[in-house]
Every structure is written in C-alpha cells, then in structure tokens.
Amino acid sequence: MDTLELLAHPVRLRIVHAMRGGRELTTAQLCARIPDSSKAMIYRHVDLLAANGILEVADERRVRGAVERRYRLRLDRVVVDAEAAAALSADDHRRVFATSMAVLVAEFNAYLDRDNAEPAADLVGYRQHAVWLNRDELEKMIIELRRVILPLLANEPTPDRAQYLLSPVFFPIEQASAAETE
C-alpha cells in the first residue's frame, strides 16, 4: 500500500496527527485521543501503519502479562511527493480532499466535545478568504506560508503547548478570463 493510500483514511490520518511532534504513544493512548473511533478500529489501523513503516515501535514493556508497545511516527514515510500528487486523477483528488475534510470535522467535533473547550480563548479560527492571485503571487504566498509553518512542525509537545490542526487549502474557484484582465 502506498503512502497516499495509507494516509487517505480518516482514522489513519488522525493517528498520524496525534503522533506528530516526536510523540511516542501506545495504542491505548491513541484510543483516548480518538474516542469517537472504536478500539478495534484504532488497533487495526495502528497495525496497518506499523506494517507499512509509517509507525515504528519505539519501546515495548510487559503490562499485566501483555506486551505494551509505544509507537512513533516515521516522518520520512509520511511524505507524498510532487510526482505522486501529480499522478492523481480527479477522483483521487476528490477522495483525498473528502478524507481531509472528514478529519477536520472529526477533530473539530472532538475539540468541541471536551469539557474545557473554549474556542475564543483557544484562538480557534476557520476563516475563508477568496483572493485574486496570478501564478507568481500564488507561488510566493505558498513559499511564504511554508517558511512560517515548516519550522513549527519540529515543535515537540511541552506543558505549555497545545496541538493545533492547521489545514491550508488552495484551489481556484474561478478562472481568469481574458476580458477581465485587459
């Protein structure tokens, strides 16, 4: 199974999100982090991610006669390269986008279901902006966003940090017409 196929599933993508930041988690901890999915489903997807090299066993220990494994994310394995992305069909893009949106909705609902959820205090944002950009302006904006975001991906969990889900989405909603640009 290729990386894109592995990540294009809502539960597996949520597991990957949970593991970010150098975390080492057990399957039981992942079940607590993703309470709206069954334990059997979490265990099945952790096994699949581990079997395909997305997760690796960081540590094992005996707990009440069973082996408890702590997993960590292999960052080098969760990359979908430009070539693979370019090879996607329109239906593939629809499926991957729908998965991303399903994960976004599930994570947002899980946040709101917490007893201590305070969207205003947590600076929750979900704004959308329609901007007019030519190809050069779009590329510059993407480069600038990457410059800001990429260093933050290396942040590890600390007591004063909360994990935020950031989901930039870019697609043209209208094509430039020759008459409008003259």
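Okay, so let's go over this structure. (Residues numbered from 1 in each chain as written. Predicted model: local features only at pLDDT ≥ 70, side-chain atom pairs only at ≥ 80, totals over all residues. Heavy atoms only, no water.)

Here we come to the overall build of the protein chain. Secondary structure assignment for the protein chain yields 8 helices and 3 strands. Counting over 182 residues, the protein chain shows a buried share of 21%. Contacts in the protein chain between residues far apart in sequence, at least 24 positions, make up 59% of those at least 6 positions apart. Looking at the protein chain as shown, the accessible area adds up to about 13,300 Å², and 54% of this sits on carbon and sulfur atoms. Charged side chains of the protein chain number 24 positive and 28 negative; the gap between the two group centres comes to 8 Å. (Helix = DSSP H or I, 4+ residues; strand = E, 2+ residues; numbered from the N terminus. Buried < 20%, exposed > 50% of the residue type's maximum accessible area, 1.4 Å probe, protein only. Contact = heavy atoms within 4.5 Å. Areas by Shrake-Rupley, 256 points an atom, 1.4 Å probe, with all protein chains shown as cover. Lys, Arg positive; Asp, Glu negative; His and termini not counted. Charge placed at Lys NZ, Arg CZ, Asp CG, Glu CD.)

The end-to-end C-alpha distance of helix α6 (residues 90–112) is 33 Å, a good match for the 33 Å that 23 residues give at a rise of 1.5 Å each. Within the span of α6, buried status applies to Thr99, Val103, Ala106, Glu107 and Tyr111. Contacts made by the buried residues of α6 are with α1 (3–7), α2 (10–19) and α3 (27–33). (Expected span 1.5 Å × (residues − 1).)

This part is about the packing of α2 against α6. A pair of packed helices is captured by two measures, namely the crossing angle of their axes and the spacing between those axes. Put simply, α2 and α6 touch, their axes get as near as 9 Å, and they point 60° apart. What the angle tells us is that α2 and α6 run oblique. The element α2 and its partner α6 pack so that their crossing is right-handed. Contacts from Pro10, Leu13, Arg14 and His17 in α2 reach Thr99, Ala102, Val103, Ala106, Glu107 and Ala110 in α6. Its residues assigned to classes, the contact of α2 with α6 shows 6 nonpolar, 2 polar and 2 charged. (Axes fitted to C-alpha atoms, helices over the stretch in contact; angles between N-to-C directions. Parallel < 35°, antiparallel > 145°, perpendicular 65-115°, else oblique. Left-handed = near helix turned anticlockwise from the far one by under 90°. Nonpolar A, V, L, I, M, F, W, Y, C, P; charged D, E, K, R; others polar.)

Turning next to the packing of aromatic side chains. To describe a pair of aromatic rings, one takes the distance between the centres and the angle between the planes. For the structure shown, the criterion picks out 3 aromatic pairs. An angle of 80° between the planes, with centres 6.2 Å apart, marks the rings of phenylalanine 97 and phenylalanine 171 as edge-to-face. Of this pair, phenylalanine 97 sits in helix α6 while phenylalanine 171 sits in the loop between α7 (135–152) and α8 (178–181), and the two are 74 residues apart along the sequence. For phenylalanine 97, a relative accessible area of 38% corresponds to the partly exposed category. Here the aromatic rings of phenylalanine 108 and tyrosine 126 are separated by 5.8 Å at their centres, their planes lie at 80°, and the arrangement is edge-to-face. You can see phenylalanine 108 sitting in helix α6 and its partner tyrosine 126 sitting in the loop between α6 and α7, a full 18 residues away along the chain. A relative accessible area of 66% places tyrosine 126 in the exposed class. (Phe/Tyr/Trp six-rings, centres within 6.5 Å; stacked < 30°, edge-to-face > 60°.)

A few words on the pattern of salt bridges. Enumeration according to the criterion identifies 14 salt bridges in this entry. We note a salt bridge from glutamate 68 to arginine 61, for which the minimum N-O separation is 2.9 Å. Between arginine 94 and aspartate 91 there is a salt bridge; the shortest N-O distance is 2.9 Å. In this pair, arginine 94 and aspartate 91 both sit in helix α6, 3 residues apart, roughly one turn of the helix. Per residue, the accessibility class of arginine 94 equals that of aspartate 91, and both read exposed. What you see here is one network of salt bridges that share partners, running through Glu24, Glu56, Arg72, Arg74 and Asp76. (Salt bridge = Lys/Arg side-chain N within 4 Å of Asp/Glu carboxyl O.)

The next point concerns the nonpolar core. Among the nonpolar cores identified, the biggest contains 19 residues, and Ile15, Met19, Leu30 and Leu55 are the most heavily contacted of them. Secondary structure elements with two or more residues in this core: α1, α2, α3, α4 (39–51) and β3 (66–73). If you tally residues by element for this core, the top one is α2, at 5 residues. Dropping the residues within four chain positions of it, leucine 30 is found in contact with Ile15, Ala18, Met19, Leu25, Ile42 and Val46. (Core = buried A, V, L, I, M, F, W, Y, C linked by side-chain atoms within 4.5 Å.)

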